[in-house]
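Given next are the chains, with one letter for each unit.
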Amino acid sequence: MNILLMGLPGAGKGTQSEHISTDYSMVHIATGDIFREAIKNETKLGLKAKSYTDAGNLVPDDVTNNLVRERLSQSDVQADGFMLDGYPRTLQQAHALEENLKDMNSDIDAVIYIDVDSDVLEKRLSGRIICRDCGATYHKVYNPPSVDGVCDNCGSHDFYQREDDKPEKVRHRINLQMESIKPILEFYDDKNILHRISGENPIEVVYREIRNILGE
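Named according to an unreviewed UniProt entry, the protein is Adenylate kinase originating from Ruoffia halotolerans. Listed in UniProt under the heading Pathway (unreviewed entry), the comment for the protein reads: "Purine metabolism; AMP biosynthesis via salvage pathway; AMP from ADP: step 1/1." UniProt's Sequence similarities (unreviewed entry) comment on the protein is quoted here verbatim: "Belongs to the adenylate kinase family."

S.K.: Describe in detail unusual backbone geometry, supporting the description with residues and values.
M.R.: Cis geometry is found at the peptide bond from Y87 to P88, where omega equals 0 degrees. Following the sequence through the fold, P88 ends up in the loop between β3 (82-85) and α6 (91-103). Although it is not a glycine, E42 adopts a positive phi angle of roughly 55 degrees. In this structure, E42 sits in the loop between α2 (31-40) and α3 (44-54). If you check the backbone angles, N105 has positive phi at about 55 degrees while not being a glycine. Assignment of secondary structure puts N105 in the loop between α6 and β4 (110-115). Given the relative accessible area of 76%, N105 is considered exposed.

S.K.: Can you lay out the layout of surface pockets for me, pointing to particular residues and giving the numbers?
M.R.: Volume-wise, the largest pocket comes out at about 440 Å³. Counting only elements with at least two residues in the lining of the largest pocket, the list comes to β1 (2-7), α1 (13-23) and α8 (167-190). Classifying every residue of the lining of the largest pocket gives seven nonpolar, five polar and three charged. The calculated volume of the second largest pocket comes to roughly 320 Å³. The wall of the second largest pocket is formed by T31, G32, F35, L58, V59, D61, T64, G86, Y87, R89, T90 and Q93.

S.K.: I'd like a rundown of the environment of S106, residues and numbers included.
M.R.: The residue S106 is located in the loop between α6 and β4 in this model. Given a relative accessible area of 28%, S106 falls into the partly exposed group. It is 9.8 Å that separates the C-alpha atoms of S106 and M1, two residues lying 105 residues apart in sequence. Residue contacts for S106: discarding those within four places in its chain leaves N2 and L101. Within the structure, S106 has its side chain in polar contact with the side chain of N2 (distance 2.9 Å).

S.K.: Tell me what's going on with the packing of aromatic side chains, and back it up with residues and numbers.
M.R.: Aromatic ring pairs are defined here through the distance separating the ring centres and the angle between the ring planes. A complete count under the given rule lists two aromatic pairs for this structure. Taken together, a centroid distance of 5.9 Å and an interplanar angle of 75 degrees make the contact between Y138 and F159 edge-to-face. Here the residue Y138 occupies a position in strand β6 (residues 137-139), and F159 occupies one in strand β7 (residues 159-160), the gap between them amounting to 21 residues. Accessibility expressed as a relative area gives 7% for Y138, which makes it buried. When the centroid spacing of 5.0 Å and the interplanar angle of 70 degrees are considered together, the rings of F187 and Y188 count as edge-to-face. Given the relative accessible area of 13%, F187 is considered buried. Accessibility expressed as a relative area gives 3% for Y188, which makes it buried.

Reading the values: the criteria
Residues numbered from 1 in each chain as written. Predicted model: local features only at pLDDT ≥ 70, side-chain atom pairs only at ≥ 80, totals over all residues. Heavy atoms only, no water. UniProt positions renumbered as here; feature names shortened; annotations may be inferred. Helix = DSSP H or I, 4+ residues; strand = E, 2+ residues; numbered from the N terminus. Buried < 20%, exposed > 50% of the residue type's maximum accessible area, 1.4 Å probe, protein only. 1 Å grid on protein atoms, 1.4 Å probe; cavity = no way out; pocket = protein on both sides within 12 Å on 5 of 7 lines; lining within 4 Å. Points joined across faces, edges and corners; volume = space filled by probe spheres on them. Nonpolar A, V, L, I, M, F, W, Y, C, P; charged D, E, K, R; others polar. Contact = heavy atoms within 4.5 Å. Polar contact = N/O pair within 3.5 Å; in protein donor to acceptor, adjacent residues only side chain to side chain. Phe/Tyr/Trp six-rings, centres within 6.5 Å; stacked < 30°, edge-to-face > 60°.

Shown next as structure tokens:
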């Protein structure tokens, strides 16, 4: 089986991908891992991607598409199927993936989108605080220190919040990503392979719905 697992940051995609990897034989392919592996092995495409990242630029779609194609052509994927995580990020990438899979006589069986309201995402993402002394990470709502204002790890009272985690920055990031993911979801919805699951339910309920889609 070949699936795409999609969701905005904070939707719980990472947690669900771990459950799927444990219970199903399909290969978990995260685009970040593809980039790191190709760069580490100094493949032609890996070196090309590195030239962009080293310059602080985004890797172009054509390089990303070819890196994904290279990974999908490997024997473990051919034998067991795959779960793609973090790709496609653009409609162009979705079209390229379709063409690459067609060349391999393969296809996507299901696209699972973990859907969470933007206000909930903002609350999840903007609640992170970090101990300035030891680097321990907490969440104001979901994982606060045992004693309010005191780090469990080192006892420090000095916490800070990363710029990217501040509510206004989080809200802007969510809005941008919602706009970019919309045409991709429409693309797969038109193919009748898109499954929307509410990520606001408890983790075990979300996973039970995923298992219903994938088959026990």
